[in-house]
Amino acid sequence: MIYWCNQCDIPYHSNEGLCSICGTKGMLLKGNTLTPVFLQEKKLLSYILNKDVTNKNIWYKGNAIYVFNGNLKRIPYVDIFRSKEYLKFCDKLKNDISYDDVICNRSRLLKANENHIKMLIFEAENYIKDVMEMYEGHIPAVSFSGGKDSTVVSNIVREALQKNDIVHLFADTTLELPETYDYNEKIFRQENMYTPLLVSKPRGDFFSLCECLGPPSRLERWCCTILKTSNFNSFVRYLPNKKPMLTFMGIRRSESTSRRNYRRTRTDSKISRQVVAMPMIDWTDFDVWLYLMSKSLRFNDAYKLGYRRIGCWCCPNNSNWSELLMAIYYPKLFERWRRVLYDFARKTKKTDPLDYVENNKWKARKGASGLEGRNIDIVDTDCLSDKNIKNIITNKPLDEKFIEFIKPFGTLEINKNKDNITIGVVENNSKTFVLNFEKGSRILRVTMLAEMDKILLINRLKCQIRKHQFCIYCSACDSVCEQLAISTLNNEYKIDEGKCNHCKKCIGRFYNGCLTTQVLADKK
């Protein structure tokens, strides 16, 4: 538990509530969030409160509540943001930026929390050594974003293993804050010259994807799949000797409700051929800052502006506070994203675009939300003369490219006679079904030759038909295959038959088969 000692004017960890320096019992600070407030944020608070608080010892406790020298105070920054009151002082703030990282009573703070920090480090380093031994033969790597958590996990891993040449992987979404790029290139890379930092960028353009799929929301986070997961997966494709990867991440359970039940070591990663290890899984924000201070590590300057989390500047999970900071320090980026949201609201004929955007209703959008739905029903009909034959009616004409989407079902025996294409599917040395279609036709004839779940087969074929008909080569499918058999490079969907083991997991990974049909579903 975290307490505040009014006598020492510091926060500290304690089970009994007693300050280890002065022996007095402090005030309990409920919750796990506690982060230091730096000079630049104090300037912003001074404008909001209309009084100078730059000399105060201030910490942020969460839910708009700050600790001012032991006194709790709620700051009405949401009102300031929505009423646009910040416009009165934003130019002054923007023209007087300080990246001062002084924390009040730092030495006393570290002394009071010394034992707690040592226990955290001891436990985390032992876990790292144990998991390395457990997954011997895996290539160790650090997932590095440029945020405080990845800075900490990077240092812990390298100190625990006594190695500086651990590969660091930065999946650049192209939407990172400018401070993040500066930190990664000008600070981390220069201070850790023997630590390789590999950067991967997504193939797709985020704003073009927004035109097609609509802006991402908290319920439709297609951006993570395309810009992060698929992007990160590109690293795995080029690992030497096809070795699996043991990736250390700075994920913590206290970050969100969805992460509360995460296992510390995960073999069911979204990335193929990867085991994920999380040494800091039970650390709090306060613990992270204590570690950074105790090791005198430099960190991303965005935290000094007041950011609590470092990620994409247009993320639907960003708080009103983050949006306020964007409006103040990056008005061009802020306005660009606002234009995207307003254009979407008008394009989809929202009743009140102003309400939809300014009250963050776009963050809750689900499905097509006014765009053309792609969660289409595909009709299938029985053959009157043979119960083992079905005809599937597609929405768009079939062509030779469709063959690629049948490869997950088994080894293909393909026969082409002018425009007529017949595909025999062999699995476990036995031909299980045959497909037949004419190029340009919308009828796919399915003949089932073996005992099977006919409904399951037809539904799986419909999933692949949707992929074929709606594929935008977004790269989402690339990261699904554990064998790395799927590629959408050069706007071409390809499956490497030499790698595919016909597990069929790729077929139903996304709702109704394709990420676009999942995001643009009329109903779910």
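Residues numbered from 1 in each chain as written. Predicted model: local features only at pLDDT ≥ 70, side-chain atom pairs only at ≥ 80, totals over all residues. Heavy atoms only, no water.

Helix and strand content of the protein: 16 helices and 21 strands. For the protein, the C-alpha atoms occupy an extent of roughly 90 × 60 × 40 Å along the three principal directions. Put simply, of all contacts in the protein between residues at least 6 apart along the chain, 66% involve residues at least 24 apart. Looking at the protein, you have 82 positive and 60 negative side-chain charges, and the mean spots of the two groups are 2 Å apart. (Helix = DSSP H or I, 4+ residues; strand = E, 2+ residues; numbered from the N terminus. Contact = heavy atoms within 4.5 Å. Lys, Arg positive; Asp, Glu negative; His and termini not counted. Charge placed at Lys NZ, Arg CZ, Asp CG, Glu CD.)

Before going further, it helps to examine the side chain of threonine 229. Turning to its location among the elements, threonine 229 is positioned in helix 9 (residues 222-237). The buried category is assigned to threonine 229, whose relative accessible area is 14%. Setting aside its immediate chain neighbours within four residues, threonine 229 contacts Cys224, Lys270, Ile271 and Ser479. (Buried < 20%, exposed > 50% of the residue type's maximum accessible area, 1.4 Å probe, protein only.)

Turning next to the state of the cysteines. Cysteine pairs can be covalently joined through their sulfur atoms, and such a bond is termed a disulfide. All told, the structure shown has zero disulfides when counted by the stated rule. No disulfide involves cysteine 8; its nearest neighbouring cysteine sulfur is the one of cysteine 5, lying 3.7 Å away. No disulfide involves cysteine 481; its sulfur sits 6.2 Å from the nearest other cysteine sulfur, which is in cysteine 503. For cysteine 481, a relative accessible area of 12% puts it in the buried group. (Disulfide = S-S within 2.5 Å.)

Turning next to the packing of aromatic side chains. In this structure the tally under the stated criterion is 27 aromatic pairs. The interplanar angle of 20° and the centroid separation of 5.9 Å between the aromatic rings of tyrosine 3 and tyrosine 12 together place this pair among those described as stacked. Tyrosine 12 matches tyrosine 3 in its accessibility class, with the two residues each being buried. Relative to tyrosine 303, the ring of phenylalanine 299 has its centre 6.5 Å away and its plane inclined at 65°; by these criteria the two rings are edge-to-face. Phenylalanine 299 gets classed as buried once you look at its relative accessible area, which sits at 8%. Owing to a relative accessible area of 4%, tyrosine 303 belongs among the buried residues under this scheme. Three or more aromatic residues joined by ring pairs form one cluster here, namely Phe206, Phe207, Trp222, Trp313, Trp337 and Trp362. Taking NZ or CZ as reference, arginine 264 lies 4.0 Å from the ring centre of tyrosine 127, over its face. Note that arginine 308 overlies the ring of tyrosine 60, its terminal NZ or CZ placed 4.0 Å from the centroid. (Phe/Tyr/Trp six-rings, centres within 6.5 Å; stacked < 30°, edge-to-face > 60°. Lys NZ or Arg CZ within 6 Å of the ring centre and 35° of its normal.)

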